[in-house]
Amino acid sequence: MKRIISAAAALVLTLGLTSCARVDPDKAQESVQVIAMDTAMVISTYGRHSTRAAYASEDCIRALEALLSRTKEDSAVSCLNGAGTLELGEPGEELIPLLDAAERYRAETEGAFDITVAPVVSAWGFTAETFQVPGGAELEKLLDLVDGSAVRTEGRTVSLAPGQSIDLGGIAKGYAADKLTAVFRENEVPRALATLGGNVLAWGDRPDGTPWRVGVKDPARPDDQSAFVGVLELTNAFAVTSGGYQRCFEENGKLYHHIIDPATGYPADNGLTSVTVVAAANTGEVPGNGTMCDAYSTAIFVMGEAEALDFWRDRRADFDLVLVTADGRVVVTAGLAGAFAPDEESGYAFETVS
Ligand code: AMP
Ligand code: MG
C-alpha cells in the first residue's frame, strides 16, 4: 500500500512539474514515423507549429505515394502504365512538372537516369519482390522500350509509347523531400530532420545551433547500422544516397541490385558501391534540388567514378558528391571538404577532388 501511495505521489509530482514548467513554444518538437515508398521514414519537426507540420508532412507523403506508386493499383502512375495514356485530374496534375524534371535529368545524364527503365526493373523482380535473373533475349527486347524521350505530355494528358511503362522509384523520395520544404515553410518550421530512406533533408540547423550530422553508410557493411564511412555536417541541405546494398538479392552466389544500367539492362557495375549527392535545400523550388539529388544519385551510380567526376565538374556550383568505390576509396568533392568528417577507422582511403 505504501508503495502504491508513494508511486501515486511521484506521479502527482511529475504531473505537477509538467503543468508548471514553461515550455518555450519555439522549442517544441514532434516526430512522425511513416512507412511509405518501400521504406521507413522519420520526420522530426521543431517550432511552435511542429505538431501540425509533422502531421502535414505525413499527409503529404501519403498523398504522393497514392499518386506515384507502381505497386498501388489505383495510383496515377499505375493507371498510366496500364493504359499507356492518362488525363490527370487536379490532384494528379503535379505529375506533369515531375515528368518534365525526369526528362531533363535523363537528357543531362545521357540516359543513365531513365524512368522508362520500368519494364527492366520489373523483369528483375524488384517491383513485385519476385527476384529473378532475366534471360539475355528478354532483356534485349525490353531495352527497346527504354526511351524517356518518348514520354509525351500535352496539357494534362500524359502518353507513353506502346509497351512502355514508367518507374519513379529513383526520384519519388527526392520529390517528397522537396515537397516537405514547402510544408516546413507553410508551418514556419525553423529546423527539422527528415529521413526518407536514403534521402535526408536537413532543414535549418540543430536546436543547439550546430549543423545536422548525417552518416554516410559503409556499403560494405549494410547490416551494421553503425558502420559509416564518415559523417556529413549539414545545414539546409539535401543528402541523397544510392547504393546497390539498399535493395538486392543473391542467386547462385552472385549479388544483383536494383539500380539498372539502361545501356545494358543489368544492375550497374561501374566500380561504385554508393553515391551521395548533396545540394542546398532552401531554394523554394518544387520539384527542386531534392528531386535533382535523387535523380543524380541514381544516374551517377550508373556512370561510375570517372564519368561522375566529369559530370560534377560541369555542374559543381549545383551539388557535391561522396563516392564510395569498390576498391576501398571514399572520394569527396571540394565543396564538402569542410563538411565531411571521415571515419578513419572504416578502413577506406579518403581523397578530396576539385
Ligand atoms: P535510388 O535508390 O534513388 O537510386 O533509385 C533506385 C530505384 O529507381 C530502383 O529501385 C528502380 O525503381 C528505379 N531505377 C533503377 N534504375 C534506374 C535508372 N537507371 N534510372 C531511373 N530509375 C531507375
Ligand atoms: Mg535516386
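If you're wondering where the values come from, they're calculated on a predicted model, not measured in any experiment. (Residues numbered from 1 in each chain as written. Chains lettered and ligands numbered in written order. Predicted model: local features only at pLDDT ≥ 70, side-chain atom pairs only at ≥ 80, totals over all residues. Heavy atoms only, no water.)

**Points about the overall build of the protein chain**
If you tally the helices and strands in the protein chain, you get nine helices and 17 strands. Across its three principal directions, the C-alpha atoms of the protein chain cover 80 × 50 × 45 Å. Buried positions account for 50% of the 354 residues belonging to the protein chain. For the protein chain, the proportion of contacts with a sequence separation of at least 24, taken over those separated by at least 6, is 60%. For the protein chain, the computed accessible surface area is about 16600 Å², with 50% contributed by carbon and sulfur atoms. Placing the 28 positive and 51 negative side-chain charges of the protein chain at their respective mean positions leaves the two points 8 Å apart. (Helix = DSSP H or I, 4+ residues; strand = E, 2+ residues; numbered from the N terminus. Buried < 20%, exposed > 50% of the residue type's maximum accessible area, 1.4 Å probe, protein only. Contact = heavy atoms within 4.5 Å. Areas by Shrake-Rupley, 256 points an atom, 1.4 Å probe, with all protein chains shown as cover. Lys, Arg positive; Asp, Glu negative; His and termini not counted. Charge placed at Lys NZ, Arg CZ, Asp CG, Glu CD.)

**Side note on the site of ligand 1**
Around ligand 1 sit 15 residues in total, of which Asp-167, Ser-242, His-258, Ile-260 and Thr-298 are the nearest. For ligand 1, an oxygen atom lies 2.8 Å from a polar atom in the side chain of Asp-167. Note that an oxygen atom of ligand 1 is positioned 2.6 Å from one of the side-chain N or O atoms of Ser-242. Within the complex, 94% of the 500 Å² of free accessible area of ligand 1 lies under protein. Across the shell around ligand 1, the residue classes tally to six nonpolar, six polar and three charged. (Near = heavy atom within 4 Å. Polar contact = N/O pair within 3.5 Å; in protein donor to acceptor, adjacent residues only side chain to side chain. Nonpolar A, V, L, I, M, F, W, Y, C, P; charged D, E, K, R; others polar.)

**As for the coordination of the magnesium ion (ligand 2)**
Taken together, Gly-170 (O), Asp-294 (O), Asp-294 (OD) and Thr-298 (OG1) make up the full set of protein donors to the magnesium ion (ligand 2), lying 2.0 to 2.5 Å away. Spacing between the donor residues of the magnesium ion (ligand 2) along the chain follows G-x123-D-x3-T. One end of the pair, Gly-170, is in the loop between strand S5 (157-159) and helix H7 (172-186); the other, Asp-294, is in helix H8 (residues 289-303), with 124 residues separating them in the sequence. Per residue, the accessibility class of Gly-170 equals that of Asp-294, and both read buried. (Donors = N, O, S within 2.8 Å, 3.2 Å for Na, K, Ca; no water.)

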